[in-house]
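Chain by chain, the residues:
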There are 2 protein chains.
Amino acid sequence: MDNRYVQQFKKGSLEMILLCLIGRKETYGYEIITELNNSASVLGYAKEGTIYPILYRLQEAELIKCRLAPAAANGGSKKFYSLTHKGQEVLGELIEFWTNYEDCVNGFIATYQQTEVSE
Amino acid sequence: MDNRYVQQFKKGSLEMILLCLIGRKETYGYEIITELNNSASVLGYAKEGTIYPILYRLQEAELIKCRLAPAAANGGSKKFYSLTHKGQEVLGELIEFWTNYEDCVNGFIATYQQTEVSE
DNA sequence: TAATGCTATTTAGGTTCGCTAAATAGCATT
DNA sequence: AATGCTATTTAGCGAACCTAAATAGCATTA
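The structure contained in this document is the topic of the report that follows.

Rules used in this analysis
Residues numbered from 1 in each chain as written. Chains lettered and ligands numbered in written order. Predicted model: local features only at pLDDT ≥ 70, side-chain atom pairs only at ≥ 80, totals over all residues. Heavy atoms only, no water. 1 Å grid on protein atoms, 1.4 Å probe; cavity = no way out; pocket = protein on both sides within 12 Å on 5 of 7 lines; lining within 4 Å. Points joined across faces, edges and corners; volume = space filled by probe spheres on them. Nonpolar A, V, L, I, M, F, W, Y, C, P; charged D, E, K, R; others polar. Phe/Tyr/Trp six-rings, centres within 6.5 Å; stacked < 30°, edge-to-face > 60°. Helix = DSSP H or I, 4+ residues; strand = E, 2+ residues; numbered from the N terminus. Lys NZ or Arg CZ within 6 Å of the ring centre and 35° of its normal. Contact = heavy atoms within 4.5 Å. Buried area = accessible area lost by both parts, 1.4 Å probe. Salt bridge = Lys/Arg side-chain N within 4 Å of Asp/Glu carboxyl O.

A closer look at empty space enclosed by the protein
Residue and element names in this part refer to chain A. Taken as a whole and judged by the stated rule, the model has 1 cavity of 30 Å³ or more. Space inside the largest cavity adds up to approximately 40 Å³. As for the largest cavity, its lining consists of K10, L14, L36, N37, L43, G44 and A46. For the lining of the largest cavity, the per-class residue count stands at 4 nonpolar, 2 polar and 1 charged.

Laid out in structure tokens, this is it:
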């Protein structure tokens, strides 16, 4: 699978995934990256330059809020993010939209595959 | 739902949808646009400036091929597109990837929603 | 024959997203 | 002091989709 496709498919949904991870539990950029990389076989490896700008964007949009934690035992200081009330609402809408979107795309796929079978 | 999200979600999958439509039956740009607009409630309205460039891109990549039809009874001439052999192969891979991608995204959503319930 | 409306394609320019790549910095271990 | 791990920041790029408008053929109708 050409990596270009993977990149494009992510657009929009990667932001939703970050909101899901932050909504599940308070977390920070580096942890998000390592968690995402558990799904690297599908999503590819998440890089800093991808994730941190999304976090800034989400904070700018007031969907997440930030709490600075002092430097840990081993490593630098972390920025813990959690969902704002607005973030919870938007995430709910995003998930609803995603579900409809998924159904719509699968509809087009099903139509194509029915064609193949009938040939 | 903010229209920005719709736009982003489409990236990648819109190309796959066009391949599905072309794979189902030989078709042309204008017809694709009108068919897509049956799903406008989810995808938004497809515009010329979106669809035609995708068709050129797909042809450039040799995933679809083109047959020029003379001007119809009412209207201008059409360019009928069909899948190449390579296009069929790539579409198959795209559908397989989409399925995995979908599962992956739904996994993140499920994790978030389980969190909500347990609270 | 001029005007309108529908079909059909083309293209210029813009925005946003995710990616590449590298830099910065704190702490622990050796 | 050097290395390795954790953790964040940022500059610049390419690709995808969108906005908006232009172009053109044919049919109908006034």
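Resuming the write-up.
What about the packing of aromatic side chains?
Applying the stated criterion across every chain yields a total of 11 aromatic pairs over all chains. With centroids separated by 5.2 Å and ring planes inclined at 75°, the aromatic side chains of B:Y28 and B:F80 adopt a geometry described as edge-to-face. With B:Y28 in the loop between α2 (13-24) and α3 (29-36) and B:F80 in strand β2 (residues 78-83), this residue pair connects regions lying 52 residues apart in the sequence. An aromatic cluster is defined as three or more aromatic residues linked by ring pairs; in this entry it consists of A:F9, A:F97, A:W98, A:Y101, B:F9, B:F97, B:W98 and B:Y101. Over the ring of A:Y5 we find A:R4, and its NZ or CZ is 4.6 Å from the ring centre.

Brief notes about the interface of chain B and chain A
Residue-level contacts link 43 residues of chain B with 43 residues of chain A. Roughly 4,300 Å² is buried in total at the junction of chain B and chain A, and carbon and sulfur atoms are behind 75% of that figure. Sorting the residues of chain B by area buried against chain A places B:F9, B:F108 and B:Y112 first, and these three jointly supply 19% of that buried surface. The tally of links from chain B across to chain A stands at 2 salt bridges. Between B:E15 and A:R4 there is a salt bridge; the shortest N-O distance is 3.7 Å. In terms of residue count, helix α6 (residues 85-118) of chain B provides more of the side of chain B that touches chain A than any other element does, 20 residues in total. For the side of chain B that touches chain A, the residue count by class is 25 nonpolar, 11 polar and 7 charged.

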